Amino acid sequence: DVKVTQSSRYLVKRTGEKVFLECVQDMDHENMFWYRQDPGLGLRLIYFSYDVKMKEKGDIPEGYSVSREKKERFSLILESASTNQTSMYLCASSYRGSGELFFGEGSRLTVL
Amino acid sequence: EDQVTQSPEALRLQEGESSSLNCSYTVSGLRGLFWYRQDPGKGPEFLFTLYSAGEEKEKERLKATLTKKESFLHITAPKPEDSATYLCAVQANSGYALNFGKGTSLLVTP
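Residues numbered from 1 in each chain as written. Chains lettered and ligands numbered in written order. Predicted model: local features only at pLDDT ≥ 70, side-chain atom pairs only at ≥ 80, totals over all residues. Heavy atoms only, no water.

What to know about the side chain of B:Gln91
Structurally, B:Gln91 is set in strand S9 (residues 84–92). Judged by relative accessible area, B:Gln91 falls into the buried class, the value being 1%. Ignoring sequence-local partners within four residues, the contact set of B:Gln91 consists of A:Gly97, A:Ser98, A:Gly99, B:Gly29, B:Leu30, B:Arg31, B:Gly32, B:Phe34, B:Tyr96, B:Ala97 and B:Leu98. (Helix = DSSP H or I, 4+ residues; strand = E, 2+ residues; numbered from the N terminus. Buried < 20%, exposed > 50% of the residue type's maximum accessible area, 1.4 Å probe, protein only. Contact = heavy atoms within 4.5 Å.)

Put into structure tokens, the structure is as follows:
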């Protein structure tokens, strides 16, 4: 069964902490994405990657960075967490050019 | 700028009561329009891809259709297990990522 695995389902962090969200896919997909989902705002793209070491900013990249050192792993980094980054974070992957995204279960981050 | 607008925001149906969800879009060159289903506390799950006006796709009680400006997700004789949030998204010819609408939250009561 194909899978996108996010490292943590629930996290609670303090303002100013550095936060790492990890995502691993086992489908040999070229593309990987990080979205955040908030009530009333829907899914918004933070960053995506179309190849190892390649990254592109999405609609809301401010306050975030990403790393893709291996094809199967895409990490989202919050350098200094803030309360407005409290959200559900969703990782997804797809074959190059495909819009059929496979999503992970999500990581619910609370920043106090 | 690509835009995706879904309506209604929420819909409550009785079991067996058919209805449609709407997705209006503007995009500079449509590569594909996608429907996803999302259950509470889970990531979205892919349902359909539509590529060109006039295309239709079906899966069990769901049928998706596409025109040049909108897509409909028709739900025929829904069951309580169809309760979920349904998301519409577009992919432009120029891009990799999908632009999602805010979703329609569907509740089907017995």
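Looking at the packing of aromatic side chains
For the structure shown, the criterion picks out nine aromatic pairs over all chains. When the centroid spacing of 6.1 Å and the interplanar angle of 45° are considered together, the rings of A:Tyr35 and A:Phe103 count as tilted. Note that A:Tyr35 is positioned in strand S4 (residues 31–38) and A:Phe103 in strand S10 (residues 102–103), a separation of 68 residues in sequence. Of the two residues, A:Tyr35 and A:Phe103, both sit in the buried class. Ring centres 6.2 Å apart and planes at 70° place the aromatic pair A:Phe103 and B:Phe100 in the edge-to-face group. Taken together, the residues A:Phe103 in strand S10 and B:Phe100 in strand S10 (residues 99–100) connect one chain to another. A single burial state applies to A:Phe103 and to B:Phe100, both of which are buried. Three or more aromatic residues link up through ring pairs in this structure, and these residues are A:Phe33, A:Tyr35, A:Phe48, A:Phe103, B:Tyr36, B:Phe46 and B:Phe100. (Phe/Tyr/Trp six-rings, centres within 6.5 Å; stacked < 30°, edge-to-face > 60°.)

A few points about the state of the cysteines
Residue and element names in this part refer to chain A. With the rule as written, the count across this model stands at two disulfides over all chains. There is a disulfide in this structure between Cys 23 and Cys 91, and the S-S distance comes to 1.9 Å. The chirality of the disulfide connecting Cys 23 with Cys 91 is left-handed, given an S-S dihedral of about -75°. Here Cys 23, found in strand S3 (residues 19–25), pairs with Cys 91, found in strand S9 (residues 87–94); they are 68 residues apart in sequence, far enough to count as distant. According to the relative accessible area criterion, Cys 23 is buried, its value standing at 0%. Overall, Cys 91 belongs to the buried group, its relative accessible area being 0%. (Disulfide = S-S within 2.5 Å.)

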